[in-house]
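This is what each chain is made of:
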Amino acid sequence: MKDNKVQITKNKSLSKVDEKFCELKNNKKLALMPFIMAGDPNIEITSEILLKLQENGADLIELGIPYSDPLADGPVIQVAASRALKSGTSPRKVIKLLESLKGRLNIPIILFSYLNPLLCFGFEKFCEIASNAGVSGLIVPDLPLEEAYKFSKIVSNHSMDLILLVAPTTPFERMKQISNHTKGFTYLVSVTGVTGERNKMENRVENLIAKLKDVNRNPIAVGFGISTPEHVNKVREWGADGVIIGSAFVKRISSSSKKDVVDYVGEFCKEMRLAADQKE
Amino acid sequence: MGKKRIIAETGAGQHGVATATVCARFGLKCIIYMGAEDIKRQSLNVFRMKLLGAEVKVVNSGTATLKDATSEAIRDWVSNVETTHYILGSVAGPHPFPKIVRDFHAVIGEETKKQCFEAFGSLPDILLACVGGGSNAMGLFHPFVKETSVRLIGVEAAGSGVDTDKHAATITKGSIGILHGSMSLLLQDDNGQVQEAHSISAGLDYPGVGPEHSHLKDIGRAEYGSVTDQEALDALRLVCELEGIIPALETSHAFAWLDKLCPTLEKDTHIVINCSGRGDKDVNTVASSLNI
Ligand SMILES: Cc1ncc(COP(=O)(O)O)c(C=O)c1O
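As the structure is a computational prediction, the values presented were derived from the model and not from experiment.

The rules behind each value
Residues numbered from 1 in each chain as written. Chains lettered and ligands numbered in written order. Predicted model: local features only at pLDDT ≥ 70, side-chain atom pairs only at ≥ 80, totals over all residues. Heavy atoms only, no water. Near = heavy atom within 4 Å. Polar contact = N/O pair within 3.5 Å; in protein donor to acceptor, adjacent residues only side chain to side chain. Areas by Shrake-Rupley, 256 points an atom, 1.4 Å probe, with all protein chains shown as cover. Nonpolar A, V, L, I, M, F, W, Y, C, P; charged D, E, K, R; others polar. Contact = heavy atoms within 4.5 Å. Buried area = accessible area lost by both parts, 1.4 Å probe. Salt bridge = Lys/Arg side-chain N within 4 Å of Asp/Glu carboxyl O. Helix = DSSP H or I, 4+ residues; strand = E, 2+ residues; numbered from the N terminus. Phe/Tyr/Trp six-rings, centres within 6.5 Å; stacked < 30°, edge-to-face > 60°. Buried < 20%, exposed > 50% of the residue type's maximum accessible area, 1.4 Å probe, protein only. Lys NZ or Arg CZ within 6 Å of the ring centre and 35° of its normal. Pairing = 2+ DSSP bridges. Axes fitted to C-alpha atoms, helices over the stretch in contact; angles between N-to-C directions. Right-handed = clockwise from strand over helix to strand, strands pointing away. Expected span 1.5 Å × (residues − 1). Bend = angle between axes of the 7 residues up to and from the residue. Arc of directions from axis to C-beta. pLDDT = per-residue confidence, 0-100.

**Student:** Please explain the site of the ligand as it appears in this structure.
**Tutor:** All names here are of chain B. As a structural note, the neighbourhood of the ligand is formed by 16 residues, with Ser90, Gly132, Gly134, Ser135 and Ser276 the closest of them. Ser90 places a polar side-chain atom, nitrogen or oxygen, 2.6 Å from an oxygen atom of the ligand. Between Ser276 and the ligand, the recorded distance is 2.6 Å, taken from a side-chain N or O atom to a nitrogen atom. Compared with its free state, where it exposes 390 Å², the ligand has 90% of that area covered by protein. The residue makeup of the shell around the ligand, split by class, is five nonpolar, ten polar and one charged.

What follows is the structure in structure tokens.
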């Protein structure tokens, strides 16, 4: 990992996500952030998978709340969301699950949800119970920047971070605004398109990371399409601070039996941890 | 823009055929997303699109109707936005689509205004149109929104009835939500999951509605009603017999509203109905429902 000009030290006003990235930066480690869908195949197994991911080297976990019309997702996560809805997963159940893991699940949990279920629940009310359940951040992929300011305030008032996304097609001025308003880290979408495994990382991601680094010192986590140790290596070489791996995990969950799923996903997490820690 | 690839979603296939037509005329690659359910019930339009050189992509996800075709088109668009232009078919979707589509469809209202002055020497009293996503209604209404003497009425699909779980009466029964990038009324459950819509007409079978309709309803400028599948079928038959016109099933919903509306009106009230489409595409559905 490239050297950081200034070392950031722990500070009272830092959020849990900030602290995690500081700690990782100081140890020169790349943040490993698996994404899984809550309730896929059911909420009990999600609970076991979360603990296993923590045990096997995840630094943060992005936990999806299922939605009927996931516009930013490819087929793998779409199907996972349908399974999760079939198993009766709702925002409230996801929060209950996290409450039940308090004290055992200690790494930062970031909830990924489309806006409508949160609005329907009551955005502020949702932030309150999520925060009480120990959630550290929120990602809302269909929330445009223009609307994000007021929501970000609410999220921050509840001691969580609203993490904003930048895409390869985002114009530079807008990229700057997003980067200056995101909390915790900047989520760099590595492809023009939806979630799903890709064979190759687009080379322009390197340039995008450099551009974001010129704007400010936010940590940058790269997601969408990342699915192999080679991809993880590239992201580290290009100077990002974290990787988010979604469909590759979700596919493993859907393709294994309920009996084996926790271990199988755990093994994959270990493999990705090794890739993340590889030294140049 | 220099883009050579065009995508669109379609429910009844009308917008798909229109898009395929311009693409053929201007030599552009054309991909149309259409739900598997709609491909079955609107086979004539599927054939027309293919004949015009478009590729029709079958959408099997979700309810396999217009909502899911729109979602797939949006996914294609975000993936290929650098080379592809998305021609959205209704006044729905993310900004600025509702505005673009309204402004283009406003030719309907402009023409209506002109013809009304020619025919009656005045504005019409009532404008009537069916509402799926709401484009034909919005295009008709738009030049009249400030003419407050003109009543604007939109008619939604009540499917098997608005008190069943099989309808598409979004404005009548929906609550505020977000679908396809706009906030409007929406058919959704208690957890904010989008619900299935149901209508015999593919073009009205959509759980959302263009945001400007929700606004017109909110401020009391437009009124919205709904008619069932059966009422629409009855109206279709009547219009065929009385006028020699085979209206589309969507359009038949607007006609069916006359049954409820006319008894409340004074003699010589001028009503304009937007004949949004012809029923050739629907003859199979109608034949099996009417046992002709
Ligand atoms: C003939 C016809 N009328 C009406 C509609 C409904 O669309 P909108 O509400 O956008 O006018 C459709 C949609 O496919 C249609 O085919």
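**Student:** What am I meant to see in the interface of chain B and chain A here?
**Tutor:** How big an interface is tends to be reported as the loss of accessible area on association of its parts. On the chain A side, the residues contacting the 24 residues of chain B number 21 residues. Note on chain B versus chain A: buried area summed over both sides is about 1,600 Å², and carbon and sulfur give 50% of it. It is Arg75, Ile178 and Gln193 of chain B in chain B that bury the most area against chain A; as a group they hold 37% of the surface buried on that side. Connecting chain B to chain A are two salt bridges. Of all the secondary-structure elements, those providing two or more residues to the side of chain B that touches chain A are α4 (66–80), β7 (175–179) and β8 (182–186) of chain B.

**Student:** Could you clarify how one ought to interpret the packing of aromatic side chains in this entry?
**Tutor:** Any pair of aromatic rings gets described here by the distance separating the centres and the angle formed by the planes. Residues and elements named next belong to chain A. For the coordinates displayed, the defined rule picks out eleven aromatic pairs over all chains. Aromatic pair Phe121 and Phe126: ring centres 5.7 Å apart, planes at 85°, arrangement edge-to-face. For Phe126, a relative accessible area of 0% puts it in the buried group. Here a set of aromatic residues connected by ring pairs shows up, and it is made of Phe35, Tyr67, Phe112 and Tyr114. Across from the ring centre of Phe121, 5.0 Å away, lies the NZ or CZ of Lys125, which sits over that ring. Note that Arg252 overlies the ring of Phe268, its terminal NZ or CZ placed 3.7 Å from the centroid.

**Student:** Explanation requested: the pattern of salt bridges in the structure shown.
**Tutor:** Residue and element names in this part refer to chain A. Following the criterion strictly, the structure yields 32 salt bridges over all chains and no others. A salt bridge links Glu146 to Arg174; the nearest nitrogen and oxygen atoms lie 2.7 Å apart. Taken as a pair, Glu146 in helix α7 (residues 145–157) and Arg174 in helix α8 (residues 172–181) lie far apart in primary sequence, 28 residues in all. Given a relative accessible area of 29%, Arg174 falls into the partly exposed group.

**Student:** In this structure, what is going on with the sheet that holds strand β1 (residues 5–10) of chain B? I would like to understand it.
**Tutor:** Either a parallel or an antiparallel arrangement is found when strands of a sheet pair, and the pairing is made through backbone hydrogen bonds. Residues and elements named next belong to chain B. Across the sheet, which stays open at both edges, the four strands sit in the order β3-β2-β1-β4 with parallel pairing between neighbours. The open sheet terminates on both sides in strands that have one partner only, identified here as β3 (55–59) and β4 (84–86). The mean angle between the axes of side-by-side strands here comes to 25°, regardless of whether they run parallel or antiparallel. Examined bridge by bridge, β1 and strand β2 (residues 29–35) share six bridges and lie parallel to one another. Bridge pairing links Arg5 to Lys29 in β2. Across the sheet, helix α1 (residues 14–26) touches β1 and β2, and the angle it forms with β1 is around 165°. Strand contacts of α4: β1, β2, β3 and β4, with the helix running at about 160° to β1, the strand carrying the most contacts.

**Student:** How do you make sense of the environment of Glu37 of chain B when you look at a structure like this?
**Tutor:** Residue and element names in this part refer to chain B. Here Glu37 shows up in helix α2 (residues 36–41). Sequence spacing of Glu37 and Gly177 is 140 residues, and the spatial spacing of their C-alpha atoms is 25 Å. Not counting chain neighbours up to four residues away, the residues in contact with Glu37 comprise Thr63, Ala64 and Thr65.

**Student:** Is there a simple way to think about the pairing of strand β6 (residues 151–159) of chain B in this case?
**Tutor:** Strand residues, when the strand is regular, have side chains that alternate between the two faces of the sheet. Residue and element names in this part refer to chain B. β6 sits mainly inside the fold: eight of its nine residues count as buried. Where strand β5 (residues 126–130) lies against β6, five bridges are found, and the strand directions are parallel. Considered in β6, the bridge of Ala129 is made with Gly154. Crossover handedness for the path β5 to helix α6 (residues 135–141) to β6: right-handed. Bridge count between β6 and strand β9 (residues 222–228): seven bridges; the pairing is parallel. The residue bridging Glu156 from the neighbouring strand is Ser226, located in β9.

**Student:** What is the right way to look at α7 of chain A in this model?
**Tutor:** The α-helix winds at 3.6 residues per turn, so residues separated by three or four positions along the chain end up facing the same way. All names here are of chain A. Here α7 is 13 residues long and its end C-alpha atoms lie 18 Å apart, about the 18 Å a rise of 1.5 Å per residue gives. Of all the bends found along α7, the most pronounced is centred on Phe151 and spans about 30°. Close packing links the buried residues of α7 with α5 (115–121), α6 (123–132), β4 (137–139), β5 (161–163) and α8. Downstream of α7 by a residue or two, Ser159 has a phi angle that is positive, lying close to 60°.

**Student:** Hey, could you run me through helix α9 (residues 204–215) of chain A in this one?
**Tutor:** All names here are of chain A. With twelve residues, α9 extends 17 Å between its outermost C-alpha atoms, agreeing within 8% with the 16 Å of an ideal straight helix rising 1.5 Å per residue. Where α9 is concerned, the buried positions are Val205, Leu208, Ile209 and Leu212. Buried residues along α9 cover an arc of 100° about the axis, so they all sit on one side. Packed against the buried residues of α9 are β6 (165–166), α8, β7 (186–189) and β8 (220–223).

**Student:** Just to check I follow, could you spell out the confidence of the model for chain B for this structure?
**Tutor:** Segments scoring low in pLDDT should not have their predicted coordinates read at a detailed level. Here chain B averages 97 in pLDDT, and 100% of its residues register 70 or above. For this predicted complex, the interface score ipTM comes out at 0.93, while the overall pTM is 0.94.

**Student:** I would appreciate a short explanation of the pairing of β8 of chain B in the present structure.
**Tutor:** Residue and element names in this part refer to chain B. The buried fraction of β8 is high, at four of five residues. Here β7 pairs with β8 via five bridges, running antiparallel. Its bridge partner being in β8, Leu179 is matched across the sheet by Ser182. In this structure, the hairpin formed by β7 and β8 is closed by a connection of two residues, where His180 is found at a positive phi of approximately 50°.

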